[in-house]
Amino acid sequence: MKLKSEFLHEINKRGFIYQHVDIENLDSIMSKNKISGYIGFDITSDSLHVGSLIQLMLLHWLDYYGHQSIALIGGGTTLIGDPSGKDQTRKILTKKEIDKNISNIELTFSKFINLKNNSVIINNYEWLSNLNYIDFLREFGSRITLNKMLTFDSVKSRLDREQPLTILEFNYMLLQAYDFVHLNKNYNCILQMGGSDQWGNILSGLDLIRKINKKTAFGITSPLITNSDGTKMGKTADGAVWLNNDKISSLDFFQFWRNVDDNDVSRFLYLFTKLPLREIEKLSLLKNQEINEAKKILAYEVTKIVRGKEDADEALEITNNIFSS
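Notes on the structure follow. The structure presented is a predicted model; accordingly, all values stated were derived computationally and were not measured.

Calculation criteria
- Residues numbered from 1 in each chain as written.
- Predicted model: local features only at pLDDT ≥ 70, side-chain atom pairs only at ≥ 80, totals over all residues.
- Heavy atoms only, no water.
- Pairing = 2+ DSSP bridges.
- Helix = DSSP H or I, 4+ residues; strand = E, 2+ residues; numbered from the N terminus.
- Contact = heavy atoms within 4.5 Å.
- Axes fitted to C-alpha atoms, helices over the stretch in contact; angles between N-to-C directions.
- Buried < 20%, exposed > 50% of the residue type's maximum accessible area, 1.4 Å probe, protein only.
- Polar contact = N/O pair within 3.5 Å; in protein donor to acceptor, adjacent residues only side chain to side chain.
- Expected span 1.5 Å × (residues − 1).
- Phe/Tyr/Trp six-rings, centres within 6.5 Å; stacked < 30°, edge-to-face > 60°.
- Parallel < 35°, antiparallel > 145°, perpendicular 65-115°, else oblique.
- Left-handed = near helix turned anticlockwise from the far one by under 90°.
- Nonpolar A, V, L, I, M, F, W, Y, C, P; charged D, E, K, R; others polar.

Let's shift gears to the sheet that holds strand 5 (residues 189–195). One open sheet holds the six strands; their spatial order is 1-6-5-2-3-4, and the pairing between them is mixed. The strands lining the two open edges of the sheet, one partner per strand, are strand 1 (19–20) and strand 4 (120–123). Helix-sheet contacts for helix 2 (residues 23–32) involve strand 1, strand 5 and strand 6 (218–222), and the interaxial angle to strand 6 is about 105°. Here helix 3 (residues 53–64) sits on the sheet and contacts strand 2 (36–41), strand 3 (68–73), strand 5 and strand 6; the angle it forms with strand 2, its principal contact strand, is near 160°.

Dropping the structure here:
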């Protein structure tokens, strides 16, 4: 796939693009104009974990090339819970718990996007909390069919496994689609990105924008990242690998990346670091003992992005001392 715009060229080369809608048209628009794009984050904990890194890096590259990155915090949708890829109904959090989680997570976004420039953090509680349910159903409920919803993998796989899916969770899809409509109308946002488990939700949003705002919008999903052995990335025997340092020390965070499987090193350098593509190509050629150098660079670069240079330097020094002694 040959892409002209800097952002799409960069993320394509790095392996971020899995599914897309009308990417040639989007590429043409982004070659000539700056756009606004968003990714939604549900706030089910007081820290994001490594599983969110791919989305944060996408927002980073969008911002880096001068476009507006919108980090949409699901203060409203987290009150319901996303059924995508889950076997069980999510634990319902209170508004107070969600607000506490939001204040902890906002700092993470500032490490990836420039909030002093034109990128922003927005909370969908602002508009979802004021919705009149009857008006909402009349205007939007009639535009999305259950037949279509049932074809989406996130719903289908849950029903195939005979897991319950509540009306509450079905409404989640409607609300996420409405988020995109709202951002399209009020922020001229034309792009939604997310993990491949969000594909159905993104398509619903594009459909609604076409029907209600009479505009064209675009969607891109990234692959769900697993380790080369097929296990979910970011999970260890001790639990999730968190981004906030009050949940896991910078040394342990560094060591997580230092210990990734040899087969994952090249892919992770492309996805999770800002190193130039040429440099990653060279590092990807390292084999056997030399690959440990590439792992150390991976660990250092990711820790520097997430925790800052000081923490990365310290973790590297401790690691070098352990190995030399």
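Picking up where we left off.
For the rest of this paragraph, the subject is the side chain of Asn124. Mapped onto the elements, Asn124 comes out in the loop between strand 4 and helix 5 (125–128). On the basis of relative accessibility, which here comes to 1%, the residue Asn124 falls in the buried class.

Take the environment of Arg267 next. Its location among the elements puts Arg267 in helix 12 (residues 265–272). A C-alpha to C-alpha distance of 9.3 Å links Arg267 and Ile280, two positions 13 residues apart in sequence. Beyond its immediate sequence surroundings of up to four residues, Arg267 is in contact with Ile225, Thr226, Asn227 and Ser228. Side-chain polar atoms of Arg267 contact the side chain of Asp264, separated by 2.9 Å.

Attention shifts here to helix 14 (residues 291–307). When the terminal C-alpha atoms of helix 14 are compared, their 24 Å separation across 17 residues agrees well with the 24 Å that a helix rising 1.5 Å per residue should span. Of all 17 residues making up helix 14, 13 are buried, and the element is well covered by its neighbours.

As a further point, take the packing of aromatic side chains. A full pass over the atoms with the stated rule returns 13 aromatic pairs. A centroid spacing of 5.2 Å and a plane angle of 35° characterise the contact between Phe136 and Phe140, whose relative ring orientation is tilted. With Phe136 and Phe140 both in helix 6 (residues 133–141) and four residues apart, the pair spans about one turn of that helix. A relative accessible area of 4% means that Phe136 is categorised as buried. The exposure class assigned to Phe140 is buried, which follows from its relative accessible area of 5%. Members of the aromatic cluster, joined through ring pairs, are Phe253, Phe256, Trp257, Phe268 and Phe272.

What follows covers the side chain of Gln198. Positionally, Gln198 belongs in the loop between strand 5 and helix 10 (199–213). Of note is the side chain of Gln198, whose polar atom sits 3.2 Å from the side chain of Gln176.

Running from amino to carboxyl end, helix 12 crosses helix 14 at an angle of 25°, the nearest separation of the two axes being 10 Å. Between helix 12 and helix 14, the angle is such that the two are roughly parallel. Considering how the two elements wind past one another, helix 12 and helix 14 form a crossing that is left-handed. Between helix 12 and helix 14, the residues in contact are Val265, Phe268, Leu269 and Phe272 and Ile291, Ala294, Lys295, Leu298, Val302 and Ile305, respectively. Here the residues of the contact of helix 12 with helix 14 sort into nine nonpolar, no polar and one charged.

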